Amino acid sequence: MNRVTLKSLLGKRLKDVEVLQLFEDYQVGDVVYGFDRLREGTDDEYWAEARASGFALRFDHDQVLKTVFCYASSIEGFTPVAASVVGAPLIGSFQDAEEAAEAAGVRHSAGHVDDALLGLKSSWVRHEHPEAWVHYEFRDGKLALVTLSCPRS
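Now for a quick tour of the structure. A quick note: this is a predicted structure, and the numbers were derived from the prediction, not measured.

1. Describing the packing of aromatic side chains
The relation between two aromatic rings is expressed through the spacing of the ring centres and the mutual angle of the planes.
Logical step 1: Under the definition given, this model contains five aromatic pairs.
Logical step 2: Here the aromatic rings of Tyr26 and Phe55 are separated by 5.7 Å at their centres, their planes lie at 75°, and the arrangement is edge-to-face. Of this pair, Tyr26 sits in the loop between helix H1 (17-25) and strand E1 (31-34) while Phe55 sits in strand E3 (residues 55-59), and the two are 29 residues apart along the sequence.
Logical step 3: With centroids separated by 3.9 Å and ring planes inclined at 5°, the aromatic side chains of Tyr71 and Phe78 adopt a geometry described as stacked.
Logical step 4: Relative accessible area serves as the criterion here: at 4%, Phe78 is assigned to the buried category.
Logical step 5: Through successive ring pairs, a cluster of aromatic residues spans Tyr33, Phe35 and Tyr46.

2. Observations regarding the pairing of strand E8 (residues 142-149)
Logical step 1: Of all the eight residues making up E8, seven are buried; the element is thus mostly covered by neighbouring parts of the structure.
Logical step 2: When strand E4 (residues 65-71) meets E8, the two strands line up antiparallel, connected through five bridges. Looking at the pairing, Thr67 lines up with Ser149 of E8.
Logical step 3: Pairing of strand E7 (residues 133-139) with E8 involves seven bridges; the strand directions are antiparallel. Along E8, the bridge assignment pairs Trp133 with Ser149.
Logical step 4: The hairpin formed by E7 and E8 contains two residues between the paired strands, and Asp140 there has a positive phi angle of roughly 50°.

3. Looking at the side chain of Asp36
Logical step 1: Take Asp36: it is sitting in the loop between E1 and strand E2 (45-50).
Logical step 2: In this structure the side chain of Asp36 is engaged in a polar contact, spanning 2.6 Å, whose partner is the backbone nitrogen of Gly41.
Logical step 3: Beyond its immediate chain neighbours, meaning those up to four positions away, Asp36 contacts Gly41, Thr42 and Asp44.

4. Quick word on the side chain of Arg126
Logical step 1: For Arg126, the position within the fold is in strand E6 (residues 120-128).
Logical step 2: Reaching out from Arg126, the side chain makes a polar contact with the side chain of Glu128 at a distance of 2.7 Å.
Logical step 3: Other than its neighbours up to four places away in sequence, Arg126 contacts Arg107, His108, Ser109, Trp133, Val134, His135 and Arg152.

5. Notes on helix H3 (residues 94-104)
Logical step 1: Inspection of H3 places Phe94, Ala97 and Ala101 among the buried residues, and these make up the whole buried set. Relative to the axis of H3, the buried residues are bounded by an arc of 65° and lie together on one face. H3 presents Gln95, Glu102 and Ala103 as exposed residues on the side facing more than 90 degrees away from its buried surface.
Logical step 2: In this structure, the buried residues of H3 make contact with strand E5 (108-115), E6 and E7.
Logical step 3: Gly105 sits one or two residues past H3 and shows a positive phi near 70°.

6. Comments concerning a nonpolar patch on the surface
Logical step 1: Taken together, the side chains of Val113, Leu117, Leu118 and Leu120 define a hydrophobic patch exposed on the protein surface, amounting to about 420 Å² of accessible area.
Logical step 2: Note that Val113 resides in strand E5.
Logical step 3: With a relative accessible area of 31%, Val113 lands in the partly exposed category.

7. Things to note about the environment of Asp140
Logical step 1: Positionally, Asp140 belongs in the loop between E7 and E8.
Logical step 2: For Asp140, a relative accessible area of 64% puts it in the exposed group.
Logical step 3: It is 9.9 Å that separates the C-alpha atoms of Asp140 and Asp114, two residues lying 26 residues apart in sequence.

Procedures and definitions
- Residues numbered from 1 in each chain as written.
- Predicted model: local features only at pLDDT ≥ 70, side-chain atom pairs only at ≥ 80, totals over all residues.
- Heavy atoms only, no water.
- Phe/Tyr/Trp six-rings, centres within 6.5 Å; stacked < 30°, edge-to-face > 60°.
- Helix = DSSP H or I, 4+ residues; strand = E, 2+ residues; numbered from the N terminus.
- Buried < 20%, exposed > 50% of the residue type's maximum accessible area, 1.4 Å probe, protein only.
- Pairing = 2+ DSSP bridges.
- Polar contact = N/O pair within 3.5 Å; in protein donor to acceptor, adjacent residues only side chain to side chain.
- Contact = heavy atoms within 4.5 Å.
- Arc of directions from axis to C-beta.
- Patch = residues over 30% accessible without salt bridge, like charges linked within 9 Å, V, L, I, M, F, W, Y side chains within 5 Å.
- Areas by Shrake-Rupley, 256 points an atom, 1.4 Å probe, with all protein chains shown as cover.
- Salt bridge = Lys/Arg side-chain N within 4 Å of Asp/Glu carboxyl O.

Below, the structure is given as structure tokens:
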């Protein structure tokens, strides 16, 4: 396998050589086309998953990779992702994620959700790097999901 990271593929097209190689290297399954079935004005999108490798890819209507979901723990049927493929550190706690952003001088935001009715207790920190945003989600104090995305304009 080559050393391309998921973060480095943001902005690449679905049929770019690097993306197709990732599909081969990590046995990414079928690409699923999602369209605006309810006619709500949402853009079409394409999804691809590598459950055994711990990540899912979301391409926009132009088939450009905009978002990568990296599962840091076994949730939603995904095996935990290998840190080496992500391209961003897998930070273990909310506090460490905030401190890492501050130490690096990276713009960031954070929040908490504690909804007893839904049984949801999570927190998040988003690092806003110029080349990619890295969103860390912690469930019950542990890293659960790292979402890589193209920065918003």
